[in-house]
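Each chain, letter by letter, is given below.
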Amino acid sequence: MSRRMSETASIKSFDSIPTMADVEATLGCVDMNQRYELFSGRLVSFAEVGHPCGHPVFCFLGLGCMRYYSIILEDLAFKHSLRIYCIDRPGVGMSQPMESESWTPLRMAEIVEEMANGFNIQKFSLIGHSCGAIYAMACALRLKPRIVGTVWLMSPWVHLTVAKRMKWIRHVPTTLLKSQGTAGLLYKSLSVAAKEPPSKSDPNILNYDREKLVKAMLQDNMVESLEGANNDLMVCLELYHSFGFSYKDVTLPVHVFWGTKDAVISKEAVDWMEQKLPQCTLSVIEGGTHGLLWRADIVSQIFKGIASSWKLAEFERALTQRWSIKQLGLNKHQSYRSSTYSANLQQAIQTSNIYDTQETLYQPQQIFDDPDRF
């Protein structure tokens, strides 16, 4: 039977920049080293960070990056009442490996669905960074009814047919790609992320020394398995097969963050997403590099948007429970997503004084403080 393989534990919090021993102790805590047994018997490792009772969010990291990197999201996730789940893909961390030829992004959607069912998570949000965007978009396509709000992507990887960079790598023999330089590529990408210029308003995403944190995570990454990095690389380069879907198939709202100094993802790639996806918003970060995951201001904006989506969903649920179908202007042949319902719902939001027009944030607590208003 599918089950969580460890007990709940808390991640250590620091009031000042911790020592290397503190960092290693935190990465070694139970929350960061959980395993889940799928119905197939395959084990996957994952981490949970943030508020223990927060709204669930599945976060997909970049090339070869393991669950430990989710620790940089801990404080901000707690602040916005979010619970971040970060799953190691096959062959990464303690997740059992899988043949590259059989691994596709849509298989990750199946894993997420099974784990969400096992944890009794009915609804959740999605975040993807770099090549993690492929897996986030696969989940957005396959698990659309369960996604709350927007799909948030940072420095997203796109099809090589669209990207203007790294096309040459498809001509490198697969055997060479699998045997040379993967660890070096990972180290270089992590080093770039560690040097991401901090926000002036928030000098660090956590009270961690970034170099210490990256060094500790990289060491632990090497101790565990790096085989999955090759799987990721094969997926990114679409060497064995295509993604299995097109980003254009995703009809949910998508918000893309891209930095002008991103040396991996080109402007043409994110422009294509903005133009071709049914609902896509592009935020260009002046001076931002490929390591936007380390930017406290960017992550805070994303978490704020996710929290707002959950508050709106809660308000809609509370509202529909108190308003009869007739009051919402519906008959038995109309859907709750009809234009009449949407118009009446928006009117209810605007007249209920829970909508802050300046920050576009919903405040559901006001609903529960005075439920009889509805």
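Residues numbered from 1 in each chain as written. Predicted model: local features only at pLDDT ≥ 70, side-chain atom pairs only at ≥ 80, totals over all residues. Heavy atoms only, no water.

Enquirer: Got a minute to help me understand the pairing of strand β3 (residues 43-50) in this structure?
Expert: In regular strands, side chains alternate between the two faces of the sheet. With eight of eight residues buried, β3 lies mostly within the body of the structure. Note that strand β2 (residues 34-37) and β3 share four bridges and pair antiparallel. Within β3, the residue paired with glutamine 34 across the bridge is phenylalanine 46. (Buried < 20%, exposed > 50% of the residue type's maximum accessible area, 1.4 Å probe, protein only. Helix = DSSP H or I, 4+ residues; strand = E, 2+ residues; numbered from the N terminus. Pairing = 2+ DSSP bridges.)

Enquirer: Looking at this model, I keep getting lost on the environment of tryptophan 294. Mind explaining?
Expert: Within the secondary structure, tryptophan 294 is located in the loop between β9 (280-285) and α10 (296-322). Tryptophan 294 sits 221 residues away from leucine 73 along the chain, and the two C-alpha atoms are 8.7 Å apart.

Enquirer: Explain the packing of helix α3 (residues 105-118) against helix α4 (residues 132-142) to me, please; I cannot follow it from the model alone.
Expert: Between α3 and α4, the least distance of the axes is 8 Å, while the angle of their chain directions is 65 degrees. Note on packing geometry: the crossing formed by α3 with α4 is right-handed. The segment α3 lies against α4, with Pro105, Leu106, Met108, Ala109, Glu110 and Val112 engaging Ile134, Tyr135, Ala138, Cys139 and Arg142. (Axes fitted to C-alpha atoms, helices over the stretch in contact; angles between N-to-C directions. Left-handed = near helix turned anticlockwise from the far one by under 90°. Contact = heavy atoms within 4.5 Å.)

Enquirer: Which parts of the structure should I look at to understand the confidence of the model for the chain?
Expert: Detailed reading of the predicted coordinates is not advisable wherever pLDDT is low. Mean pLDDT over the chain works out to 75, with 60% of the residues at or above the 70 mark. Segment residues 6-10: pLDDT under 50, and 10 contacts once partners within four positions in sequence are set aside and those in other chains are kept. Confidence drops under a pLDDT of 50 for residues 190-195, and excluding neighbours within four residues, the segment shows eight contacts in the predicted structure. (pLDDT = per-residue confidence, 0-100.)

Enquirer: Can you help me understand the pattern of salt bridges in this one?
Expert: Here the idea is simple: oppositely charged side chains can pair when their charged atoms come close. Following the criterion strictly, the structure yields six salt bridges and no others. In this structure, glutamate 110 engages arginine 107 in a salt bridge whose closest nitrogen and oxygen atoms are separated by 3.7 Å. With a gap of three residues between them, glutamate 110 and arginine 107 both fall in helix α3, about one helical turn apart. Several salt bridges converge on common partners, so that one network encompasses Asp31, Glu48 and Arg83. (Salt bridge = Lys/Arg side-chain N within 4 Å of Asp/Glu carboxyl O.)

Enquirer: Is there a simple way to explain α3 in this structure?
Expert: Since the α-helix packs 3.6 residues into each turn, any two residues three or four apart lie on the same face. Its 14 residues give α3 an end-to-end C-alpha distance of 20 Å, which sits within 8% of 20 Å, the value for a rise of 1.5 Å per residue. Residues Pro105, Leu106, Met108, Ala109, Ile111, Val112, Glu114, Met115 and Ala116 constitute the buried set of α3. Positive backbone phi, approximately 60 degrees, marks asparagine 120, located one or two places after α3. (Expected span 1.5 Å × (residues − 1).)

Enquirer: Help me understand the packing of aromatic side chains, please; the structure alone is not making it clear to me.
Expert: What describes a pair of aromatic rings is the distance from one ring centre to the other and the angle between the planes of the rings. Overall, the coordinates contain 10 aromatic pairs when judged by the stated rule. On the basis of an interplanar angle of 85 degrees and a centroid distance of 5.2 Å, the ring pair of tyrosine 36 and phenylalanine 119 is categorised as edge-to-face. A residue pair is termed long-range when its members are at least 10 positions apart, and tyrosine 36 in strand β2 and phenylalanine 119 in the loop between α3 and β6 (124-129) qualify at 83 residues. No difference in accessibility class separates tyrosine 36 from phenylalanine 119, as the two residues are buried. Their ring planes at 80 degrees and their centres at 5.0 Å tell us that phenylalanine 58 and phenylalanine 124 sit as a pair that is edge-to-face. (Phe/Tyr/Trp six-rings, centres within 6.5 Å; stacked < 30°, edge-to-face > 60°.)

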